[in-house]
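# A structural walkthrough
So the chains spell out like this:
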Amino acid sequence: MTMTRTWTRWLVSALAVLALVLAGCGAEETEPETDDPGEAAEEDPAEDEEPDSAAEDGEPVSLRVGDIAGTPSAFLQFAVDQGFFEEQGLDVQVEVSPGGAANIPGVVAGEFEIAGSNAVSVLLARSQGLPLKMISAGTFASEDPEDDFSLLLVTPDSPIQEPSDLDGTAVAVNTLANIAELTIRASLENVGAGHESIEFVELGFPDMLPALQDGRVDAVHVIEPFMSIGLEQGMRPIIAPYAETQPGMAIGSYFSTDEYIEENPDVIDRFVAAVTAGGEYIEENPDEFRAALPDLADLEPEVAEMVNNPSWGGPVDSASVELIGELMERYDLFDETPPIDEVVYP
């Protein structure tokens, strides 16, 4: 089997963006001609100003951070709203995306200084020469599959009753050839079920439950809060792909470019500190986070109360990255995992 057939779409886009960026950096810069020597000096230097890359005169550093719809972006926005980034001198603007792979071109192009993804996307990018590195952990699978923030769901009347029934069915994932597909295959292998004939269908998380109800797919791989929405609608769980691949495995991560990290190590360290503090606060105050979810994720309060909160934040878990790299080799995403020191900060 091979999973290399689909991830090339975003990779080609990212490589094209990188080529344009590098070409722009290498182009000869010339001053515009003017008859008025003072004209250039009168131009407003702030007109095309990018967000700050370093604090100046005590001003907060502006960061645009792309993150994944659902639990990841809700965690990040909650931490922003609680002031953990402000305490670190960071002014963070959260931009929500459908999946981690979609954030790769944005970071390469400089649309985001930092973005959320998963180890699969960053390892794939690094293996193809994109200068990206994980700087912080994001979400983690739970130790107990029954408490995880991700499940594979089917309709109440589905003929799929157990993991072995999934082979030969159509399963929705938010991004093809990525962490969902990888962990579905690995978790099914772990329980002795086949997966070679599964047809993976790419759908955004908000579109999955309607597609399942309409019969367009046979099962969906969802994360919170879509998981709790599905359970509230009577959908049945079949397997918890993340936790049943390996309990406690790191799933999410935040990443940036080598250049930004090298030029702004203090900003990176402060970002990691803010994410870590936010994650610890949510773990100690889960009900407060759930109370904020109706606004953060447009949820009904009764659904928000059901949400499973994963652990979030802290340094990158290198052991999880290595495991994911091994699984990527097993399922033919690439031939060899990049050296851990090339893909993990510091």
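Residues numbered from 1 in each chain as written. Predicted model: local features only at pLDDT ≥ 70, side-chain atom pairs only at ≥ 80, totals over all residues. Heavy atoms only, no water.

### Details of a negative patch on the surface
Rules: Only residues whose relative accessible area exceeds 30% and that form no salt bridge are eligible for patches; like-charged ones are grouped when within 9 Å, while nonpolar side chains (Val, Leu, Ile, Met, Phe, Trp, Tyr) are grouped when within 5 Å. Areas reported here follow the Shrake-Rupley algorithm with a probe of radius 1.4 Å; residue values treat only the protein chains shown as occluding. Salt-bridge detection follows one rule: a side-chain nitrogen of Lys or Arg within 4 Å of a carboxyl oxygen of Asp or Glu. Residues counted as positive are Lys and Arg, residues counted as negative are Asp and Glu, and His and the chain ends are not counted. To locate a charge, the coordinates of NZ of Lys, CZ of Arg, CG of Asp or CD of Glu are taken. Numbering of helices and strands starts at the N terminus; helices are DSSP runs of H or I of at least 4 residues and strands are runs of E of at least 2. Burial classes follow relative accessibility: with a 1.4 Å probe on protein chains only, a residue under 20% of its type's maximum area counts as buried, one over 50% as exposed, and anything between as partly exposed.
Residues Glu232, Asp295, Asp298, Glu300, Glu302 and Glu305 make up a contiguous surface patch of negative charge. By the secondary structure assignment, Glu300 is in the loop between helix H13 (286-297) and helix H14 (301-304). Judged by its relative accessible area of 48%, Glu300 is partly exposed.

### Points about the sheet that holds strand E3 (residues 114-118)
Rules: Following DSSP output, two strands are said to pair if at least two bridges run between them. To define axes, lines are fitted to C-alpha atoms, for helices over the stretch in contact only, and angles between the resulting N-to-C directions are given on a 0 to 180 degree scale. Should any heavy atoms of two residues lie within 4.5 Å, those residues are considered in contact.
Read across the open sheet, the five strands follow the order E2-E1-E3-E10-E4; overall the sheet is mixed. Strands at the two margins of the open sheet, each flanked by one partner only, are strand E2 (90-97) and strand E4 (132-137). The sheet shows a mean angle of 35° between the axes of neighbouring strands, direction not considered. Relative to E3, strand E1 (residues 61-68) is paired through two bridges, and the arrangement is parallel. Bridge pairing in E3 places Gly66 opposite Ala115. Strands in contact with helix H3 (residues 71-81) are E1, E2 and strand E10 (252-257); relative to E1, the strand with the most contacts, it is inclined by about 155°.

### Focus: the pattern of salt bridges
Here the structure, examined in full by the defined rule, presents seven salt bridges. Across the pair Arg126 and Asp258 runs a salt bridge, and its minimum N-O distance is 2.9 Å. Taken together, the positions of Arg126 in helix H6 (residues 119-127) and Asp258 in helix H11 (residues 258-263) put the pair 132 residues apart, joining distant regions of the chain. Of the two residues, Arg126 and Asp258, neither departs from the other in class, the shared state being buried. Its salt-bridge partner being Arg290, residue Asp287 comes within 3.3 Å of it at the nearest N-O pair. Remark: Arg290 and Asp287 occur in helix H13; sequence separation between them is three residues, near one turn of the helix.

### Here we look at the pairing of E4
Most of E4 is tucked away, with six of its six residues classed as buried. Here E4 pairs with E10 via five bridges, running antiparallel. Considered in E10, the bridge of Leu132 is made with Thr257.

### Focus on the sheet that holds strand E7 (residues 199-202)
Spatially, E7-E6-E8-E5-E9 is the arrangement adopted by the five strands of the open sheet, whose pairing is mixed. Both edges of this open sheet fall to E7 and strand E9 (236-239), since each of them pairs with a single strand only. With direction set aside, neighbouring strand axes in the sheet form an average angle of 35°. Across four bridges, strand E6 (residues 170-173) lies against E7 in parallel orientation. Bridge pairing in E7 places Val171 opposite Phe200. Its contacts with the sheet place helix H7 (residues 179-190) against strand E5 (150-154), E6, E7, strand E8 (219-223) and E9, and it is angled at close to 130° to E6. On top of the sheet, helix H8 (residues 205-213) reaches E5, E6 and E8; it is set at about 150° to E8, its chief contact.

### Topic: the packing of aromatic side chains
Spelled out, the test is: Stacked, tilted and edge-to-face are the three classes applied to pairs of Phe, Tyr and Trp rings, where Trp contributes its six-membered ring and a pair requires centres within 6.5 Å; stacked means planes under 30 degrees apart, edge-to-face means over 60, and tilted covers the rest.
For the coordinates displayed, the defined rule picks out 10 aromatic pairs. For the pair Phe75 and Trp312, a centre-to-centre distance of 5.3 Å together with 15° between the ring planes defines the contact as stacked. A residue pair is termed long-range when its members are at least 10 positions apart, and Phe75 in helix H3 and Trp312 in the loop between H14 and helix H15 (318-330) qualify at 237 residues. According to the relative accessible area criterion, Phe75 is buried, its value standing at 0%. When the centroid spacing of 5.5 Å and the interplanar angle of 50° are considered together, the rings of Phe149 and Tyr242 count as tilted. A residue pair is termed long-range when its members are at least 10 positions apart, and Phe149 in the loop between E4 and E5 and Tyr242 in helix H10 (residues 241-245) qualify at 93 residues. Taken as a pair, Phe149 and Tyr242 share a single burial class, namely buried. Grouped by ring-pair contacts, the aromatic residues Phe75, Phe78, Phe84, Phe85, Tyr254, Phe271, Tyr281, Phe289 and Trp312 constitute a single cluster.

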